[in-house]
Protein chains: 4
Amino acid sequence: MSEFKLHGVIPPVVVPLTKDRHLDLAAFERTVNRMIDAGVHGLFFLGSSGEVAFLTDAQRYHVMQEAVAVVNGRVPVLAGIIDMETMRVVDQAKRAEAFGVDALVATAPFYALGGPKETERHFRVIREHTDLPLYAYDLPVCVHTKLDPTMLVRLGKDGVIQGVKDSSGDDVQFRWLCLENEEIGHPLSLLTGHEVVVDGAYMSGADGSVPGLANVDPESYVKQWDAYQAGDWETVRKIQDHLARLMFVTRHVRATVGFGAGVGAFKTALWQMGVFNSNQMREPVQPLEGKDVEEIVNALKYCGLLPQDAPVRE
Amino acid sequence: MSEFKLHGVIPPVVVPLTKDRHLDLAAFERTVNRMIDAGVHGLFFLGSSGEVAFLTDAQRYHVMQEAVAVVNGRVPVLAGIIDMETMRVVDQAKRAEAFGVDALVATAPFYALGGPKETERHFRVIREHTDLPLYAYDLPVCVHTKLDPTMLVRLGKDGVIQGVKDSSGDDVQFRWLCLENEEIGHPLSLLTGHEVVVDGAYMSGADGSVPGLANVDPESYVKQWDAYQAGDWETVRKIQDHLARLMFVTRHVRATVGFGAGVGAFKTALWQMGVFNSNQMREPVQPLEGKDVEEIVNALKYCGLLPQDAPVRE
Amino acid sequence: MSEFKLHGVIPPVVVPLTKDRHLDLAAFERTVNRMIDAGVHGLFFLGSSGEVAFLTDAQRYHVMQEAVAVVNGRVPVLAGIIDMETMRVVDQAKRAEAFGVDALVATAPFYALGGPKETERHFRVIREHTDLPLYAYDLPVCVHTKLDPTMLVRLGKDGVIQGVKDSSGDDVQFRWLCLENEEIGHPLSLLTGHEVVVDGAYMSGADGSVPGLANVDPESYVKQWDAYQAGDWETVRKIQDHLARLMFVTRHVRATVGFGAGVGAFKTALWQMGVFNSNQMREPVQPLEGKDVEEIVNALKYCGLLPQDAPVRE
Amino acid sequence: MSEFKLHGVIPPVVVPLTKDRHLDLAAFERTVNRMIDAGVHGLFFLGSSGEVAFLTDAQRYHVMQEAVAVVNGRVPVLAGIIDMETMRVVDQAKRAEAFGVDALVATAPFYALGGPKETERHFRVIREHTDLPLYAYDLPVCVHTKLDPTMLVRLGKDGVIQGVKDSSGDDVQFRWLCLENEEIGHPLSLLTGHEVVVDGAYMSGADGSVPGLANVDPESYVKQWDAYQAGDWETVRKIQDHLARLMFVTRHVRATVGFGAGVGAFKTALWQMGVFNSNQMREPVQPLEGKDVEEIVNALKYCGLLPQDAPVRE
């Protein structure tokens, strides 16, 4: 397990639905294959972008089953085991393990208020119940706890976790996490979830990225990774500017805020690009429509992801 | 269903565990009977104080099964159907229904970020899947969304929800909720969760209370309710002063913060009073010990819940 | 100084401006006299409702000078000495003292981040520089620090502060503050700033209130106080329902949020009622207009503060 | 004015005090000269690190007077005009102008709650009252408002502001600010305040930095800037790693939190390095001592800012 170290581009997979909210298997296969063909280094299912919070347990199993089958060993499969508190997360871990995924991703506990002692103990208890590689998912915007770099490195040193997916938005703490990890021999694989500033994370020493936007443009993220490996920082930066601009798809949504605007925009983009068959969302979130769809099409055209004369699909 | 209206004192039941973290059935029966004998008007299982966030689904079923059996129709049984987003909550609702509970309690969706549209739709979708009375649980400290009074009253008018458990700590909004509810014919039963200021909530027009502290001292809350019904405000107020002082059991905990300090203190008090056999907590929370236990014993003595010469149980 | 103890209704004075944003002296005299005639027990100038944050130092002096002159000893005059950190507040204290006010009101330090040590030291340093009675203003919504009850009572015992204006919205902590203050002999005069739930605060043992809404309806707050003194809780409660409903003037403002909606609505109400000559605000806030004014007029009519046939002033 | 564009390294000057809390002029001259000699491109006085919140107006004038005299035209002098709301800030602006500073730095309004309309109007009103170049200071941790990139670029296009000092910690929004600024011809000079990740900000297109840590190690920041200008990204990155590690001086302070830990650590480092004569702070903040000083000395030694055998100054 301690040999397992992720690197490179590992998109959190956005999941296509049919109009009546079932998993759209054809589109699912299409988007997964498109990302693997673009050269991604792993795929993360059941993350926030994968609507994990909205899926019943049965729906989660369905996604994992299809994910393992479609990926079929071509790249490592990570699975989110997101739930409120420790033993519920352990339950999710055991089920994910049974589906044959390669690694697990867990957040800090949420809902009940706690402190740093409970957070650290949480990861240690999960480790007692699984042998799979475990990634800590630092996501304060959803779980309202920031994971402390010193604690993460201690968990890495003790073999409790094998890496971190950092979506904290706290680039200062991420820099310190990289430094502390390096000082004790780099036990953790450190991945950034901030698709808009992956270049800065690479400067900080990130081992890879988990960009939701890579669902829309996987090739650019892979090229950026290759440029980073080659030390070609000007290319890293130029591609990042393109991707930061592409992220405008999520910026001007009027119908709603938060998840429905962010993942809703990714789904809409993939639908308009022909990868998805619809931009349907899970209850209680509604799909984007009208003016919001038009703006997303405009942003895709501006960034060259759609031809200038592409019509708006309906 | 619309006939179902709760009133009075409805404690959220704190659940005793054995040292090895199994449900302590003897103590569970003892604490439930003690509250019913004191005259409470209902019992709320699987709320935050009931460690709902920490229980696996199997453990939740176990609690519901035993709760329905022990209560045996003496008072209404409410069950928390707490989960991240809508369809997971619907899953919980269906299971709770199967166990024969009398009413359901659901929070706003959490984890994924959303806005007021998603919150309102969430409750409407739940209603489509169950015929049981449904209470909205306003708990921003856990779910990070405040329920808007105008929306709640609209849901009440439409028969979507039958009441509100308000643990928002926002007494201004609660006053407005009471006023708006009254103006359209009082469709909602409005319960306060703030054990320290129930008298103020009664002044505002609350239909009852859901005080965690009633696990420790159910009689005082029942007497306070009776005094309120009799219009004896000086007694209402005097009892509240006693209960507010008793809440000091939770105030000086040093070992941790949040849930482990609050519910941890209630469990410790019930253990020291002989109702529980231990103050064990669910992972990753640890039970209070040493100086923290001593301080709780002192607070119980100060308020007359333990005799002055009671030794500290170990 | 330790003899000085405020009680009763002490409105934070909302200040009328001419259209070109000068102090409207005629209206200022009118509103002050109206409140004193209604029987208020003190007046608080340069509080948040008094636009203290928006006034230059010269404008603050002007308000204090006129306030002391107009009140002319009829009731105690409190003055806010609101500024960022300790020595700036001390500067404000010395100037207020020179204008002959009776007591000072200071918040926790703000802007620079600090902890409880700095907050306590802040009040102790202010005390070293003035002999006037000092009230601690607990206003986390503006200063982002909640004052701890135990610290406040310690400062009261040491003669550093003589009272608290609580606008924290935390009714649990306020109850505890009342209890702790009582246990050591009631050194502090405890005033609530929450105009919508003053009855609950009186239940908790408040010595008085500082309701912004009393600018609009001072008589009701005075009558409520008198009912409280007479132990007539049903009247306390009934008046509170009226006042809570009247507060709807601030609830449906569309043009802006926060201060401009709250104090903006009070100014608009006073203008429509003929106490003020305009509802002008200080830069960068703009006065309410159009539909917002109409809604406020409707709320005033609903609560009997304006006759049903009153036209909208323009 | 629109010609005035800052670039490069512009440290926010930390101000030395004597033990009895007067400006230590000798040390002030020493630290200013040390930074200018290291090649900094400007100096920012009366920022957060310059204790602006703690200084009385008289003390602010003193600092500006001495700053202009000591700098004596060698680099541009920026002055913070930090105050609560618009007209108070205008007052500060006029005084700063009288002292001959080269540019002004203003935050969003704070204390009173407002919305985006008030924030934009605030900057426009300031512009009406001064002809000096104006920088918007984005500092939500102190003023609790995040400045929107689209609004900032609009203010830049209209000539209201000439640049931004971004200390928001929101690297995503900063990237978008850089992109939007570029798209309309780069009217704004964009400076990052995040000393730990300046390399990422340069990747994003920042025109310079305002690093508090440059008080301690100005040379490294200047070398990093030069490397950036030369396109030598590996050097940019390596220097950043050194500086991020040096920032550990602020990380392990035990005595307090926030400003007293951050600026307190910078002052302590400068004192131990012989640039300052003491690490005195302004009330109510206390200087660091004992173990905290030792840890800072250790961090300085680790990073080569003090020789290994340097004793701890007392």
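About the criteria used
Every residue gets a number counted from 1 within its own chain, in the order that chain's sequence is written. The lettering of chains begins at A and the numbering of ligands begins at 1, in the order of writing. Owing to the predicted nature of the model, reporting of local features is limited to residues with pLDDT of at least 70; listing and counting of side-chain atom pairs is limited to 80 or more, with chain, interface and lining totals taken over all residues. With hydrogens and water excluded, all non-hydrogen atoms of the structure serve as input to the side-chain values. Put simply, DSSP H or I for four residues or longer makes a helix, DSSP E for two residues or longer makes a strand, and each gets a number counted from the N terminus. Exposure is judged per residue with a 1.4 Å probe applied to protein chains only, and the accessible area is read against the type maximum: over 50% gives exposed, under 20% gives buried, and values in between give partly exposed. Whether two residues are in contact is decided by their heavy atoms: any pair within 4.5 Å suffices. Here the buried area means the combined drop in accessible surface, using a 1.4 Å probe, for two parts upon being joined, counting both sides. A side-chain nitrogen of Lys or Arg and a carboxyl oxygen of Asp or Glu constitute a salt bridge if their distance falls within 4 Å. Whenever two N or O atoms come within 3.5 Å, that pair is a polar contact, provided that in protein one can donate a hydrogen and the other can accept it, and provided that, for residues adjacent in sequence, both atoms are side-chain atoms. Just so you know the grouping, Ala, Val, Leu, Ile, Met, Phe, Trp, Tyr, Cys and Pro go in nonpolar, Asp, Glu, Lys and Arg go in charged, and all remaining residues, Gly too, go in polar. Two cysteine sulfurs form what is called a disulfide whenever their separation falls within 2.5 Å. Whether two aromatic rings pair depends on their centres lying within 6.5 Å, for rings of Phe, Tyr and Trp, where Trp uses its six-membered ring; planes under 30 degrees apart make the pair stacked, over 60 edge-to-face, and the rest tilted. In our convention, an over-ring charge means Lys NZ or Arg CZ found within 6 Å of a ring centre and within 35 degrees of that ring's normal. Superposing the copies works by least squares over the C-alpha atoms of residues that have pLDDT at least 70 in both of them. Axis definition: a line fitted to C-alpha atoms, over the contacting stretch in the case of helices. Angles run 0 to 180 degrees between N-to-C directions. Roughly parallel refers to an angle under 35 degrees, roughly antiparallel to one over 145, roughly perpendicular to one between 65 and 115, and oblique to any angle outside these ranges. Note on convention: near helix rotated counterclockwise from far helix by under a right angle means a left-handed crossing. Clockwise means right-handed. Note on pairing: two strands pair once DSSP finds at least 2 bridges between them. On a range of 0 to 100, pLDDT expresses the predictor's confidence in each residue. When the strands point away from the viewer, a crossover counts as right-handed if the path from the first strand over the helix to the second runs clockwise.

### Thoughts on the environment of D:Val32
Residue and element names in this part refer to chain D.
Alright, step 1. Among the structural elements, Val-32 can be located in helix 1 (residues 25–37).
Alright, step 2. Owing to a relative accessible area of 0%, Val-32 belongs among the buried residues under this scheme.
Alright, step 3. For the pair Val-32 and Leu-6, spaced 26 residues apart in the sequence, the C-alpha separation amounts to 18 Å.
Alright, step 4. Apart from residues no more than four positions distant in its own chain, Val-32 is found in contact with Val-13, Leu-43, Phe-45, Val-70 and Val-71.

### Side note on the interface of chain B and chain A
Alright, step 1. Contacts between the two partners involve 45 residues from chain B and, on the opposite side, 45 residues from chain A.
Alright, step 2. Both sides of the chain B and chain A interface together cover about 3,700 Å² of buried area, and 60% of this is carbon and sulfur.
Alright, step 3. The largest share of the area that chain B buries against chain A comes from B:Arg88, B:Tyr111 and B:Pro284, three residues that together contribute 22% of it.
Alright, step 4. At the boundary of chain B and chain A, one finds six salt bridges.
Alright, step 5. Counting across the chain B and chain A interface gives 17 residue pairs in polar contact (both at pLDDT 80 or more).
Alright, step 6. The set of elements that each furnish at least two residues to the side of chain B that touches chain A consists of helix 2 (57–71), helix 3 (86–98), helix 4 (116–128), helix 5 (140–143) and helix 11 (259–272) of chain B.
Alright, step 7. For the side of chain B that touches chain A, the residue count by class is 22 nonpolar, 13 polar and ten charged.

### Structural notes on the interface of chain A and chain D
Alright, step 1. Contact with chain A, which involves 31 residues of that partner, is made by 31 residues of chain D.
Alright, step 2. Among the residues chain A hides against chain D, the three largest losses belong to A:Arg175, A:Trp176 and A:Met203. Together they make up 23% of the total.
Alright, step 3. At the surface where chain A touches chain D, the tally comes to eight salt bridges.
Alright, step 4. Linking D:Arg245 and A:Glu183 is a salt bridge whose minimum nitrogen-to-oxygen distance equals 2.7 Å.

### Regarding the state of the cysteines
Alright, step 1. The final tally for this structure, using the stated rule, is zero disulfides over all chains.
Alright, step 2. Residue C:Cys178 stays outside any disulfide, its sulfur separated by 16 Å from that of B:Cys303, the closest cysteine.
Alright, step 3. Taking relative accessible area as the criterion, C:Cys178 reaches 5% and is therefore assigned buried.

### What to know about the packing of aromatic side chains
Each pair of aromatic rings is reported with the distance of its centres and the angle of its planes.
Alright, step 1. Under the defined criterion, the tally for this structure stands at 42 aromatic pairs over all chains.
Alright, step 2. Centroid distance A:Phe28 to A:Phe45: 5.9 Å. Interplanar angle 55°. Geometry classified as tilted. In this pair, A:Phe28 is assigned in helix 1 (residues 25–37) and A:Phe45 in strand 2 (residues 43–45), connecting sequence segments 17 residues apart. Across the pair, exposure class does not vary: A:Phe28 and A:Phe45 are buried alike.
Alright, step 3. Between A:Phe110 and B:Tyr111 the ring centres are 5.2 Å apart and the planes differ by 45°, which places this aromatic pair in the tilted class. Of the two residues, A:Phe110 is situated in the loop between strand 4 (103–107) and helix 4 (116–128) and B:Tyr111 in the loop between strand 4 (103–107) and helix 4; the pairing between them involves two chains.
Alright, step 4. You can call B:Tyr111 buried: its relative accessible area is 5%.
Alright, step 5. Lying across the ring of A:Phe248, A:Arg251 places its NZ or CZ 4.7 Å from the centre.

### Some points on the relation of the copies chain A and chain D
Alright, step 1. Of the two same-sequence chains, chain A is brought onto chain D (RMSD 0.0 Å, axial shift 0.0 Å) by a rotation of 180°. What the superposition gives is, in effect, a two-fold axis relating one chain to the other. If distances are taken from each C-alpha of chain A to the rotation axis, the shortest is found for A:Gly200, at 2.0 Å.
Alright, step 2. Of the interface residues in chain A, 100% have counterparts in chain D that sit at the interface too, so the contact is made through matching surfaces.

### As for the relation of the copies chain B and chain A
Alright, step 1. Note on the identical chains: chain B maps onto chain A by a rotation of 180° and an axial translation of 0.0 Å, with an RMSD of 0.0 Å.
Alright, step 2. Looking at the interface residues of chain B, 100% of them are also at the interface in chain A, so both copies use one shared face.

### Examining the packing of helix 1 (residues 25–38) of chain C against helix 2 (residues 57–71) of chain C
Residue and element names in this part refer to chain C.
Alright, step 1. At a closest axis distance of 10 Å, the pairing of helix 1 and helix 2 adopts a crossing angle of 50°. Between helix 1 and helix 2, the crossing angle belongs to the class labelled oblique. The crossing of helix 1 and helix 2 is right-handed. Mapping the contact onto sequence places Leu-25, Phe-28, Glu-29, Val-32, Asn-33 and Ile-36 in helix 1 and Val-63, Glu-66, Ala-67, Val-70 and Val-71 in helix 2.

### Here we look at the sheet that holds strand 6 (residues 163–166) of chain A
Residues and elements named next belong to chain A.
Alright, step 1. Strands sit in the order 1-8-7-6-5-4-3-2 across an open sheet of eight strands; the sheet is parallel. Only two strands of the sheet have a single neighbouring strand rather than two, namely strand 1 (8–9) and strand 2.
Alright, step 2. Here two bridges tie strand 1 to strand 8 (residues 208–209), and the two strands are oriented parallel to one another. Bridge pairing in strand 8 places Val-9 opposite Ser-209.

### Side note on the sheet that holds strand 5 (residues 134–138) of chain B
All names here are of chain B.
Alright, step 1. Reading across the sheet, the eight strands line up as 1-8-7-6-5-4-3-2 and stay open at both edges, with parallel pairing between neighbours. Looking along the sheet, the strands with just one partner apiece sit at the ends: strand 1 (8–9) and strand 2 (43–45).
Alright, step 2. For strand 4 and strand 5, the ladder comprises four bridges, and the chain directions are parallel. Looking at the pairing, Val-105 lines up with Tyr-135 of strand 5.

### Observations regarding the confidence of the model for chain A
Alright, step 1. Across chain A, the average pLDDT comes to 97, with 99% of residues at or above 70.
Alright, step 2. Confidence metrics for the complex model read pTM 0.97 and ipTM 0.96.

### Details of the environment of B:Lys267
Residues and elements named next belong to chain B.
Alright, step 1. Checked against the element boundaries, Lys-267 lands in helix 11.
Alright, step 2. Taking relative accessible area as the criterion, Lys-267 reaches 0% and is therefore assigned buried.
Alright, step 3. Remark: the alpha-carbon pair of Lys-267 and Lys-291, spanning 24 residues in sequence, is separated by 15 Å.
Alright, step 4. Sequence-distant contacts of Lys-267, defined by excluding residues within four places in its chain, comprise Val-14, Val-15, Leu-17, Glu-51, Phe-276, Ser-278, Asn-279, Gln-280 and Met-281.

### Notes on the pattern of salt bridges
Alright, step 1. Within this structure, the stated rule accounts for 76 salt bridges over all chains.
Alright, step 2. For A:Asp57, the salt bridge is made with B:Arg88, and the minimal N-O distance between the two is 2.9 Å. Taken together, the residues span two chains, with A:Asp57 in helix 2 (residues 57–71) and B:Arg88 in helix 3. Judged on exposure class, the residue A:Asp57 and its partner B:Arg88 are both buried.
Alright, step 3. In this structure, the salt-bridge partner of C:Arg154 is C:Glu120, at a minimum N-O distance of 2.6 Å. With C:Arg154 in helix 6 (residues 149–157) and C:Glu120 in helix 4 (residues 116–128), this pair connects stretches of sequence that are 34 residues apart.
Alright, step 4. Residue classification places C:Arg154 among the partly exposed residues on the basis of a relative accessible area of 37%.
Alright, step 5. If you follow the salt bridges from partner to partner, you end up with A:Asp57, A:Asp83, A:Arg88, A:Asp91, A:Arg95, B:Asp57, B:Asp83, B:Arg88, B:Asp91 and B:Arg95 in one network.

### Here we look at the environment of B:Lys238
Alright, step 1. Tracing the sequence through the fold places B:Lys238 in helix 10 (residues 233–246).
Alright, step 2. Separated by 65 residues in sequence, B:Lys238 and B:Cys303 place their C-alpha atoms 13 Å apart.

### Quick notes on the pairing of strand 7 (residues 189–192) of chain A
Residues and elements named next belong to chain A.
Alright, step 1. Both faces of strand 7 are covered, namely the face carrying Ser-189 and Leu-191 and the face carrying Leu-190 and Thr-192.
Alright, step 2. Sheet topology note: the strand 6/strand 7 ladder contains four bridges and is parallel. Bridge pairing links Lys-165 to Leu-191 in strand 7.
Alright, step 3. A crossover connection joins strand 6 to the parallel strand 7 through helix 7 (residues 171–183); in handedness this β-α-β unit is right-handed.
Alright, step 4. One crossover worth recording links strand 7 to the parallel strand 8 by way of helix 8 (residues 198–204), and it is right-handed.

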